[in-house]
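Summary of structural features
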Amino acid sequence: MSTPQYTGRFAPSPSEPLHFGSLIAALGSYLRAHSQQGQWLVRIEDIDPPREIIGASDDILRTLEAYGLHWHGSVLYQHQRYDAYQQQVNELISHDQAYFCQCTRKIIQAHGGIYDGRCGLRQPRLTQGAIRIRNQANVDHFNDLVQGDVTVNQRFAAEDFIIKRSDGLYAYQLAVVLDDAYQGITEVVRGCDLLEASCRQISLFSLLGLGAPQWLHLPLACAQKGFKLSKQNHAPAINTKRPQASINAALSFLGQSEVDVDAVEVMLQQAVAQFSLERIPKHKEIVLAATNLAT
């Protein structure tokens, strides 16, 4: 059997403009895909309308283009996939592999902070509320190509987690797994803020009978220890008029050699040619100097 072509992706949420932390994830996944002569896809994860900003999706795509980060094929928008998500939810419910739950966060906190599966034992079954997967897989460890062996708390790993929220919105864990399978993603390159979530996604790949991709988690760019760059801590949008400096700063962050300042496409060609997986820092986060926060 032939090995499938490498397929990676960058999957931002349209809740904020791309900042330096976003650029690291985008550039890291782009370089990895192109260094493997693979495909690099872009997916807009727009399944949480209350958190999204009008026009942010288009702004993200224009920013990627300004940085020379051109994707293969068409952009996939998660809101176009609602029927596929619901079909999977219906199938899981019909086979008693998922169930409705009405436990509040307060109830869960009162019982130790990890959901204990109580609604899955109720008779008769509930018919409304959030929907949780019966997590029979309980994956609590995996190998990451940068971070090495990753292990999470066993209680967290065994939790019946939510796949559809009580407000009717689809949970990230369900959408990302179905979309990674749908798009044939062979390796997920992203930030370490999703390191623990990978165990839940691997569990869901297993429960759905889908092959899981490989994992490569990049260190997070932080304004201070424990605080990644984000809209919440006022991370500035990256400069689309003069992207060259930001590209070299992101390369340096990723442990890569800087490239000659030139047209962005030429810079990226050089960056791909000298990309080294082994040089990516094996840290979960890196605190940036104050002078770099506006890069």
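This report concerns the structure included in the present document. Nothing here was measured: the structure is a model prediction, and the numbers come from that model.

Digging into the pairing of strand 10 (residues 214-218)
Counting buried positions along strand 10 yields four of five residues, so the element is predominantly enclosed. Here strand 9 (residues 187-191) pairs with strand 10 via five bridges, running parallel. From the neighbouring strand, Gly191 faces strand 10, where its bridge partner is Leu218. In this fold, the crossover linking strand 9 to strand 10 by way of helix 7 (residues 197-207) has right-handed handedness.

Quick look at the packing of helix 1 (residues 20-35) against helix 8 (residues 244-253)
One way to put it is that helix 1 packs onto helix 8 with a least axis distance of 10 Å and a crossing angle of 75°. Compared by their axis directions, helix 1 and helix 8 come out roughly perpendicular. The segment helix 1 lies against helix 8, with Phe20, Leu23, Ile24, Leu27 and Leu31 engaging Ser246, Ile247, Ala249, Ala250, Leu251 and Phe253. Across the contact of helix 1 with helix 8, the residue classes tally to ten nonpolar, one polar and no charged.

Some remarks on the pattern of salt bridges
Two side chains carrying opposite charge are able to pair once their charged atoms lie near each other. Tallying each qualifying case throughout the model produces eleven salt bridges. With a shortest N-O distance of 2.6 Å, Asp180 and Arg43 are connected by a salt bridge. One end of the pair, Asp180, is in helix 6 (residues 172-182); the other, Arg43, is in strand 2 (residues 39-44), and 137 residues separate them in sequence. The closest approach of N and O atoms between Arg134 and Asp96, which form a salt bridge, is 3.2 Å. Taken together, the residues Arg134 in the loop between strand 5 (130-133) and strand 6 (141-144) and Asp96 in the loop between helix 3 (82-94) and strand 4 (98-101) connect sequence positions 38 residues apart.

Basis of the calculations
Residues numbered from 1 in each chain as written. Predicted model: local features only at pLDDT ≥ 70, side-chain atom pairs only at ≥ 80, totals over all residues. Heavy atoms only, no water. Buried < 20%, exposed > 50% of the residue type's maximum accessible area, 1.4 Å probe, protein only. Helix = DSSP H or I, 4+ residues; strand = E, 2+ residues; numbered from the N terminus. Pairing = 2+ DSSP bridges. Right-handed = clockwise from strand over helix to strand, strands pointing away. Axes fitted to C-alpha atoms, helices over the stretch in contact; angles between N-to-C directions. Parallel < 35°, antiparallel > 145°, perpendicular 65-115°, else oblique. Contact = heavy atoms within 4.5 Å. Nonpolar A, V, L, I, M, F, W, Y, C, P; charged D, E, K, R; others polar. Salt bridge = Lys/Arg side-chain N within 4 Å of Asp/Glu carboxyl O.

Remember that the coordinates give geometry; whether it matters functionally is a separate question.
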